[in-house]
Amino acid sequence: MSGAEKKQAAGRRSVGRPRRLDPDTMVATARRILEEEGLDALSMRRVAKELGSTPMALYHYVRDKDELLMLTLSGTTGAFPRPELPEDPRERLLAVAVHAHGVLSRIPWVLDVLALGELTDRDALWMVEEILDCAQNCGLSPARSVRACWTIWQYIYSDLIFRRAAARRAEHPPSSQCFPEMITEEDAEELPRLTAIKDQWRTYAADYSVADELEAIIDGLISRGARGSTALTAPP
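What comes next concerns the included structure. (Residues numbered from 1 in each chain as written. Predicted model: local features only at pLDDT ≥ 70, side-chain atom pairs only at ≥ 80, totals over all residues. Heavy atoms only, no water.)

What to know about the overall build of the chain
Right, on to step 1. The number of helices and strands found in the chain is 12 helices and 0 strands.
Right, on to step 2. Secondary structure of the chain in N-to-C order comes out as α-α-α-α-α-α-α-α-α-α-α-α.
Right, on to step 3. Counting contacts in the chain only where the partners sit at least 6 residues apart, residues at least 24 apart contribute 66% of the total.
Right, on to step 4. Split by element, the accessible area of the chain, about 15,500 Å² in all, is 53% carbon and sulfur. (Helix = DSSP H or I, 4+ residues; strand = E, 2+ residues; numbered from the N terminus. Contact = heavy atoms within 4.5 Å. Areas by Shrake-Rupley, 256 points an atom, 1.4 Å probe, with all protein chains shown as cover.)

Right, here's the structure in full:
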């Protein structure tokens, strides 16, 4: 058999045989795309192209894009050591919430994945467990502890999303005036409070502590839970 014939035969044998993939490399590639380009850039086709393979070959390892995202999330939280937590349940609850905010602020691409709903890093579930346990030790019912967890998460998520948007605007300033510069003296009659404070808005907003705001939220949640418990046990 000539050299040309051998090449043709080898080509025929390779048809239909997907390139063997390393799952760790596949996950690392997906994570790099997320970190550098964002969630919209990630697809099974894109990952396969980066690996010199085909989308069908990826399906030998993962069922769909959601499973790939779950694998990509796996271990992200575990890379950050758990903090020393106080014994007092209220203080412990606050410490866990602040820790969660700090971790997510360092891996912002995770926010986009979590926005899809139901996807999470199993290594992060210890924080959910701690929040539920602390909330119940502070007197909240199981139902209220779940709602408290959800409220804390919504604050953390929305704060980080807004901070990321503000950073983008600072890097690429808009051509038109935005809030609060859009407020003028002509708005004084309709918006007197805003007009009076607009020049100090950014200064006041800069003096903002996530820990302080989380503490206020947690105190409110615990106080409301206590009032609810009293109402349920009070005589008719």
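Some points on the packing of aromatic side chains
Right, on to step 1. Scanning the entire structure with this criterion turns up 2 aromatic pairs.
Right, on to step 2. A ring pair is formed by W153 and Y157, whose centres lie 5.4 Å apart and whose planes are at 45 degrees; its orientation type is tilted. With W153 and Y157 both in helix α9 (residues 142-171), this residue pair falls 4 residues apart, about one helical turn.
Right, on to step 3. A relative accessible area of 25% means that W153 is categorised as partly exposed.
Right, on to step 4. If you follow R169 out to its NZ or CZ, it ends over the ring of F162, 5.7 Å from the centre. (Phe/Tyr/Trp six-rings, centres within 6.5 Å; stacked < 30°, edge-to-face > 60°. Buried < 20%, exposed > 50% of the residue type's maximum accessible area, 1.4 Å probe, protein only. Lys NZ or Arg CZ within 6 Å of the ring centre and 35° of its normal.)

Focus on the packing of helix α6 (residues 89-106) against α9
Two quantities define a packed helix pair, namely the angle between the helix axes and the distance between the axes.
Right, on to step 1. The N-to-C vectors of α6 and α9 enclose an angle of 30 degrees; their axes lie 10 Å apart at closest approach. Classified by the angle their axes make, α6 and α9 are roughly parallel. Seen from above, α6 lies across α9 with right-handed handedness. Residues L93, A97, A100, H101, L104 and S105 of α6 form the contact with α9, whose own contacting residues are I152, W153, I156, D159, L160 and R163.
Right, on to step 2. Residue classes in the contact of α6 with α9 are distributed as 8 nonpolar, 2 polar and 2 charged. (Axes fitted to C-alpha atoms, helices over the stretch in contact; angles between N-to-C directions. Parallel < 35°, antiparallel > 145°, perpendicular 65-115°, else oblique. Left-handed = near helix turned anticlockwise from the far one by under 90°. Nonpolar A, V, L, I, M, F, W, Y, C, P; charged D, E, K, R; others polar.)

What to know about the nonpolar core
Right, on to step 1. Counting residues in each nonpolar core, the largest one holds 51 residues, and the members touching the most others are V47, V113, I152, I156 and L214.
Right, on to step 2. In terms of residue count, the dominant contributor to this core is α6 (7 residues).
Right, on to step 3. The contact partners of I156, leaving out residues within four places of it in the chain, are A97, A100, H101, L104 and L214. (Core = buried A, V, L, I, M, F, W, Y, C linked by side-chain atoms within 4.5 Å.)

Notes on a nonpolar patch on the surface
Right, on to step 1. Together, F179, M182, I197, W201 and Y204 line one region of the surface with nonpolar side chains, adding up to about 490 Å² of accessible area.
Right, on to step 2. Among the residues examined, W201 registers a relative accessible area of 36% and is labelled partly exposed. (Patch = residues over 30% accessible without salt bridge, like charges linked within 9 Å, V, L, I, M, F, W, Y side chains within 5 Å. Salt bridge = Lys/Arg side-chain N within 4 Å of Asp/Glu carboxyl O.)

Digging into the side chain of H99
Right, on to step 1. Mapped onto the secondary structure, H99 falls in helix α6.
Right, on to step 2. You can call H99 buried: its relative accessible area is 14%.
Right, on to step 3. Leaving out residues up to four positions away in the same chain, H99 has contacts with P81, P83, W126 and M127.

Section: the pattern of salt bridges
Right, on to step 1. Counting across every chain of the model gives 13 salt bridges.
Right, on to step 2. Note that R63 and E67 form a salt bridge whose closest N and O atoms lie 3.6 Å from each other.
Right, on to step 3. For R63, a relative accessible area of 67% puts it in the exposed group.
Right, on to step 4. Ionic pairing is found between D199 and K198, a salt bridge with its closest N-O pair at 3.0 Å.
Right, on to step 5. For K198, a relative accessible area of 17% gives the class buried.
Right, on to step 6. Connected via shared salt-bridge partners are R32, E36, E37, R46 and E50.

Describing helix α5 (residues 65-73)
Right, on to step 1. Of all the residues in α5, the buried ones are L68, L69, T72 and L73. Considered in projection along α5, the buried side chains sweep an arc of 140 degrees and stay on one side of the axis.
Right, on to step 2. Residues of α5 that are buried in the fold lie against α2 (23-37), α3 (44-50) and α7 (109-114).
Right, on to step 3. Looking at where α5 begins, the residue whose side-chain oxygen comes 3.2 Å from the main-chain nitrogen of D66 is D64.
Right, on to step 4. Directly beyond the C-terminal end of α5, a positive phi value near 90 degrees is found at G75. (Arc of directions from axis to C-beta. Polar contact = N/O pair within 3.5 Å; in protein donor to acceptor, adjacent residues only side chain to side chain.)

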